[in-house]
Amino acid sequence: MIATASGVVLGLCLMLACKREERGLRVDPPSSSRVNSKTLSELRPGNAQVVSAQNEFEENAFAMSEGKRLYEWYNCVGCHAHGGGGMGPPLMDAKWIYGSAPDQIFATIVEGRPNGMPSFRGKIPDYQVWQLAAYVRSMSGQVPKDAAPGRDDDMNVKKPEQSTEPQEPRSTGGVPKSAERPQ
Amino acid sequence: MKAEENTMQPDQMSATTSAASTTAQAVPAVSLIEDQERAELERTWSDEPGLWGWLRSVDHKSIGKRYIVTAFVFFVLGGLLALLMRLQLARPENTLLGPDLYNQIFTMHGTTMMFLFAIPVMEAMGIYLVPLMVGTRNIAFPRLAAFSYWIYLFGGITLYVFFFLNIGPDTGWFSYVPLAGPEFSPGKRVDIWSQLINFTEIAALAASIELIVTVFKLRAPGMSINRIPLFVWAMLVMSFMVVFAMPAVMTSSLFLTLDRLVGMHFFNPAEGGDPLLWQHLFWFFGHPEVYIIFIPALGFVSSIIQTFTRRPNFGYTALVLSMIAIGFIGFGLWVHHMFATGLPQLGESFFTAATMMIAIPSGVQIFCWIATLWSGRPQFKTPLLFVLGFFFIFVLGGLSGVMQASVPVNLQVHDTFFVVAHFHYVLIGGAVFPLFGAFYYWFPKMTGRMLGERLGRWNFALLFVGFNLTFFPMHQLGLQGMPRRVYTYLPGTGWGKLNLIATAGGVVMTLGIALFIVNVLWSRKRGRVAGDNPWGADTLEWGTSSPPPSYNFEHLPVVQGREALWARTDDAPVVTGLKTDCRDVLLTKTFDAEPDNTMTLPSPSIWPIGVAFSAAVAFIGSCFTPWAVVWGAIPAFISLVGWGWPKPKDEKCDLTPVDEWSEEERRKEASRAQ
Amino acid sequence: MSARGRRPRHHALACPAFVFYALATAGCTGSQSILNPAGPNAGNVSRLWWLMFYVCAGVFLLVIAFLTAALVRTPRKTNKLAHAPDTEPDARRERRMRGVVTGAVVSTVIILFVFLVASFITSRSLYALADPNNLRIKVNGQQWWWQVEYENDVASQTFRTANEIHIPVGQTVTLRLTSSDVIHSFWVPNLAGKRDLIPGHETTLWLRADTPGTYRGQCAEYCGLQHAHMAFVVVAEPAEQFNAWMEAQRRPAVAPVSAEQQRGQQVFLASPCIMCHTIRGTDAGASVAPDLTHLASRQTIAAGMLPNTRGHLGGWISNPQELKPGNRMPPNPLSPEDLQALLSYLESLK
């Protein structure tokens, strides 16, 4: 009886357990079939495509911790700091120029964006881009708290992602004036 | 006894330690009490039948037995994990286990053995044996004993459930930061390890407090401080060590949880923290921990040697003082786990000296026992075989430990298989072999039947040969440069042959353990019926039936000498006058065990499980959110209130004024006074 | 031993033969063995170890001898536990035994004191290697490889390499040890005891190789998934060879000569490689992964795990996760021609 009760309680607590704790070590080389990139035009024949892809890495603590590591290794901090922005826009707030969905962030990283975001196509493997995308979303608190990264062993510049309050994403409706490149 | 005086004057009780007492009644040790009284004692002290009674039990024997069985189950689980490790390491570049699984397995193996087996089983043997050995009816704070078991059980189950859900810890049983910190160990694996510490250390603290109080206050009259059996001394020293060591590890695990859960910086060098802080805090616990495991085993060895050489241990005072010395010096050694971290030379030298120094009291113990064996008449039953195995293995392990006390040697062998060999020699040789001897020795007392002697010899032989086959080559492997905690190794290193031998030894050890399980299962039903005292031993637990009745002794004994049963005369006095219709026990003074007072021990209760469950909710929830402490505190508070709620039945034992006694009670008192 | 009673022993005899054979042939020599020292640091420790070993072995045999004698000597006329216990042992015999036990304890104290003094002396000798004029090498441990930087007062003379350290024979070297992530431990058994690399601290190790040779070392503090494969190589060579090596390492990468090598360089610069690796003299300047400027001069790759051959390198680049799962290098699916070109280029980086 006690065992059953404990089991039930544990089960409730641990519903995210399997996904959160997976460590995908033996990664298959990225194949050519990628997720469809986000289309840039509003016009299309017929109906819109199906809902954009989910990023299963958002429930995986290992993947997001890898994303955090890659965020520094690939020098995202050079333009975006630790989410506060600089040359590049902040990533920890609610404003999104090119969309906050996982595949939109994927496209941002792979395609690059006007006004300074480089394209990392061919330089970062797809699975790492997904890890980065998951981490970027965690910076504004949009991932499950128990899988989000904790503090890292560096100077304390902001709250750890696991303590970040969720920011409801909203579109800025285009590039802000301050971000426009001088013609 | 009159109830109007709340404090009993010693001379008003009809317990006696000297013939000079006027109320002394020297009664023979043979059972005197009427069947009616016996039935009443049984009614008062026994558990209710069925599952409900089992859950509510506060009988130290019932709790002790389930504690031992649970700890043994964890021992087997930990052993199976070790077998998996050995199978993986049998060949170079083996692919049985990948790195992630191997890392979880070696962490689980260490955590299981150190936190879920070694300390709990020693505490369990203490909970079972100490009240019997000191001659009282139950352990002090019996509900705390029940709580200790439940919180331990919940912690162990939680850990293994998490392990099977792929959330098993994977940073080693001592979980160094920064590897175990939030940046390098994502997920909840380390958090559950950290919480397990809370579960098991609270269980150990609870058990230790009970044991200390039992030994100090509940001894039978006549068991003065210099007549306490050596095993009881061992449990006393161990319990004090637990009280001082456990808070250190709970502190370190608290800091780790705060770092991981809330983002504090205890171990973050960039913000003023230090990874070495973890090592100091942990090893301040971790080193005494191994002596906590080892000292009760010294008690086992003393008991077994005394019985099977048919003479009292040589050098009782030296044995006691050296155990206490080990307890003290054990707290001054912890930095020898950190010699490679670049500490100042002077500081390291101090710990070298202290580490070598602890070999002296250990040596005193060994020499005194050899002297006992020399001048006694050894009877080679299985318990003594295991003790002989202890001598061989532990002395070897202790000597390899002295070698590692030296900083330069340590810098070469630290974190290699040499260390793995050393600590398995001292832990298995120094604790597990005596434990198995103790199982064979006390199984008749606990169950009323003897374990098979022939199977016992095979058990010993397989375990001894298997152990040496497994761990002796590891000395060589360490000297050849094989570091520990590696999931595989390259063929070019040449370590394959010795690893294969070690794995073969592991299989032999597994057979030995299996044989023990077979022996237990078979002997429970078909073993030779043991009498009260099949070994002719001297300590008090052998002076009652096997298994003991729920009330332990029909009359609490009065001790006449250090070896209680051997010194007992035919006209030995016993304690009379304790009530039989309530849980009445005798308190005695700490040093001379003069009768001091009586006390009512608490009756069975379901509330300890409630507190344990609430604590479990709090701890498991703390892996995910700090609010869990609040969630758990509320039911814990309710359960604690239930736990401590006074029962009218308990009050009747001591405090009912005479003029409120019922007719039946007056009649009973009158007949008793006659 | 007859002291064990009537325990059947024949089963136990089958194994020891194989065990002794294996132990004997395993021997005390061999690379990566602490009892095969090649320098004063390891040599002093080895001597101390042998001293302690012989004394401890003697003590062990003595204790077992006494124990065996204790068990065997007593006339066992009766094997019954019903035999009455001897509750009042003979006082004279007790006194005699007290003398013997006291003597044993005193001997223990003396032996321990000898060990203590020997240990202090050896410890001092390790620190005696410290000298400000030593060659200075900085080793930074990362998961799961070793970044090696040769220091110099002249900044342009410093250079970085990875997983392989060259030292001149007969000259003491000061190693300054740091870590970028978790605790590692630098251990080359033939040359010195280990020293931990702790984030937030800098530790120091001094060593000297008196015999030329290649010595393998391995990380000795559990540091995560691939702790088992975090090894390195220390090459001790005569001074001229060492200086030549240093000069070569200081130079930037060799420019590609053949068409295939040039294509290989193009492949390198266009691939994810540049996100992490440096090849001095090219645009690749990231420093989170080993410096590849002189990759072809190293004996091993993947932190001492694989020999540095074309085949191993090709397999490693294609899918390092298959060989060292969990390590930081992602798979790189290249077309066969690109891979061959890249390998040709990397092989040219001597």
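Further up the page is the structure itself.
Keep in mind it's a predicted model, so treat the numbers as computed, not measured.

Enquirer: Please set out the interface of chain B and chain C residue by residue, giving values where relevant.
Expert: Contacts between the two partners involve 99 residues from chain B and, on the opposite side, 103 residues from chain C. For the chain B and chain C pair, buried surface summed over both sides reaches about 8800 Å², with 70% attributable to carbon and sulfur atoms. Taken together, the connections running from chain B to chain C amount to one salt bridge. Across the chain B-chain C interface, the total number found is 18 residue pairs in polar contact (both at pLDDT 80 or more). Broken down by secondary-structure element, the contributors of at least two residues to the side of chain B that touches chain C are helix 4 (99-134), helix 8 (275-308), helix 10 (345-357), helix 11 (359-375), helix 12 (382-405), helix 13 (407-413), helix 15 (453-479) and helix 16 (496-526) of chain B. Looking at the side of chain B that touches chain C residue by residue, the classes come out as 62 nonpolar, 24 polar and 13 charged.

Enquirer: Requested: an account of the sheet that holds strand 1 (residues 135-142) of chain C, with residues and values cited.
Expert: All names here are of chain C. Taking strand neighbours across the sheet as the criterion, the five strands line up as 3-2-1-5-8 in an open arrangement whose pairing is mixed. Each edge of the sheet is formed by a strand with only one pairing partner; in this case those strands are strand 3 (159-162) and strand 8 (203-207). In this sheet, adjacent strand axes meet at a mean angle of 25 degrees when their direction is disregarded. The pairing of strand 1 with strand 2 (residues 145-150) spans six bridges and is classified as antiparallel. Across the sheet, the residue bridging to Lys138 is Glu149, located in strand 2. Running at roughly 100 degrees to strand 3, helix 4 (residues 239-250) makes contact with strand 1, strand 2 and strand 3 of the sheet.

Enquirer: Tell me about the interface of chain A and chain C, and name the residues and values.
Expert: Quoted interface sizes are often the accessible area lost when the parts come together. Between chain A and chain C, the contact holds 16 residues from the first and 18 residues from the second. Surface buried jointly by chain A and chain C totals about 1600 Å² across both partners, of which 64% is contributed by carbon and sulfur atoms. Summed over the shared surface of chain A and chain C, the result is one salt bridge. The residue C:Arg328 makes a salt bridge to A:Glu66 at a minimum N-O spacing of 3.3 Å. Counting across the interface, chain A meets chain C through two residue pairs in polar contact (both at pLDDT 80 or more). Counting only elements with at least two residues in the side of chain A that touches chain C, the list comes to helix 3 (61-73) and helix 6 (126-139) of chain A.

Enquirer: With reference to specific residues and values, describe unusual backbone geometry.
Expert: Residue B:Pro178 is bonded to the preceding B:Val177 through a cis peptide linkage, with omega at 0 degrees. Tracing the backbone shows B:Pro178 in the loop between helix 5 (142-167) and helix 6 (189-217). Cis geometry is found at the peptide bond from C:Gln143 to C:Trp144, where omega equals 0 degrees. Looking at the element boundaries, C:Trp144 is found in the loop between strand 1 and strand 2. The phi dihedral of A:Ala81 is positive, around 50 degrees, even though this residue is not glycine. Among the secondary structure elements, A:Ala81 is positioned in the loop between helix 4 (77-80) and strand 1 (95-96). According to the relative accessible area criterion, A:Ala81 is partly exposed, its value standing at 27%. Notably, C:Ala303 is not glycine yet its phi reads approximately 55 degrees, a positive angle. By the secondary structure assignment, C:Ala303 is in the loop between strand 11 (300-301) and strand 12 (306-307). Overall, C:Ala303 belongs to the buried group, its relative accessible area being 1%.

Enquirer: If you had to explain helix 15 of chain B to someone new, which residues and values would you point to?
Expert: Residue and element names in this part refer to chain B. With 27 residues, helix 15 should cover 39 Å at 1.5 Å per step; its first-to-last C-alpha distance of 39 Å lies within 8% of that length. Judged by how many residues are buried, helix 15 sits mostly within the fold: 21 of 27 residues are covered. Gly481 sits one or two residues past helix 15 and shows a positive phi near 100 degrees.

Enquirer: Describe helix 18 (residues 628-644) of chain B, with residues and values.
Expert: Side chains that are three or four residues apart share a direction in an α-helix, a result of its 3.6 residues per turn. Residues and elements named next belong to chain B. For helix 18, which comprises 17 residues, the first-to-last C-alpha distance of 24 Å matches the rise-based estimate of 24 Å (1.5 Å per residue) to within 8%. Every buried residue of helix 18 is accounted for by Ala628, Gly632, Ala636, Ser639, Gly642 and Trp643. As for helix 18, its buried residues are in contact with helix 5 and helix 17 (607-621).

Enquirer: Tell me what's going on with the sheet that holds strand 4 (residues 164-168) of chain C, and back it up with residues and numbers.
Expert: All names here are of chain C. As summarised here, the arrangement of the three strands in space is 4-10-9, forming an open sheet in which the pairing is mixed. Edge positions in the sheet fall to strand 4 and strand 9 (213-218), since each has one partner strand and no second. Put simply, the sheet's adjacent strands are angled 25 degrees from each other on average, direction ignored. Taken together, the six bridges between strand 9 and strand 10 (residues 231-237) define a ladder with antiparallel strand orientation. If you follow Thr214 over to strand 10, its bridge partner there is Val235. This element, helix 4, spans strand 4 and strand 10 of the sheet and lies at about 135 degrees to strand 4.

Enquirer: Give me the lowdown on the environment of B:Gln88, citing residues and values where you can.
Expert: Residues and elements named next belong to chain B. With respect to the helices and strands, the residue Gln88 is situated in helix 3 (residues 60-89). On the accessibility criterion, Gln88 (0% relative accessible area) is buried. Spatially, the C-alpha atoms of Gln88 and Lys497 are 14 Å apart, while their sequence positions differ by 409 residues. Dropping the residues within four chain positions of it, Gln88 is found in contact with Asn94, Thr95, Leu96, Leu97, Tyr102, Tyr487 and Thr488.

Procedures and definitions
The residue numbers shown here count from 1 along each chain, following its written sequence. In the order they appear in the text, chains get letters beginning with A and ligands get numbers beginning with 1. In keeping with the model being predicted, local features are shown solely for residues with a pLDDT of at least 70 and side-chain atom pairs are shown and tallied solely at 80 or more, while totals for entire chains, interfaces and linings include all residues. Excluded from the side-chain calculations are hydrogens and water; all other atoms, namely the structure's heavy atoms, are used. Residue contacts are defined here by distance: any two heavy atoms, one from each residue, within 4.5 Å place the two residues in contact. Simply put, the buried area is the total loss of 1.4 Å probe accessible area from both parts when two parts are fitted together. The rule for a salt bridge is simple: a side-chain nitrogen of Lys or Arg has to be within 4 Å of a carboxyl oxygen of Asp or Glu. Here a polar contact means two N or O atoms within 3.5 Å. Within protein one must be a hydrogen donor candidate and the other an acceptor candidate, and residues neighboring in sequence count only if both atoms are side-chain atoms. Elements are defined by DSSP. Helices are runs of H or I of four residues or more, strands are runs of E of two residues or more, and each kind is numbered from the N terminus. In this classification, the charged set is Asp, Glu, Lys and Arg, the nonpolar set is Ala, Val, Leu, Ile, Met, Phe, Trp, Tyr, Cys and Pro, and all remaining amino acids, among them Gly, are polar. The pairing criterion is simple: DSSP has to find at least two bridges between the two strands. Working convention: axes come from line fits to C-alpha atoms, limited for helices to the stretch in contact. Angles between N-to-C directions cover 0 to 180 degrees. For every residue, the accessible area (1.4 Å probe, protein chains only) is compared with the maximum for its type, and the residue is labelled buried under 20%, exposed over 50%, or partly exposed between those bounds. One less than the residue count of a helix, multiplied by 1.5 Å, gives the span that helix is expected to have.

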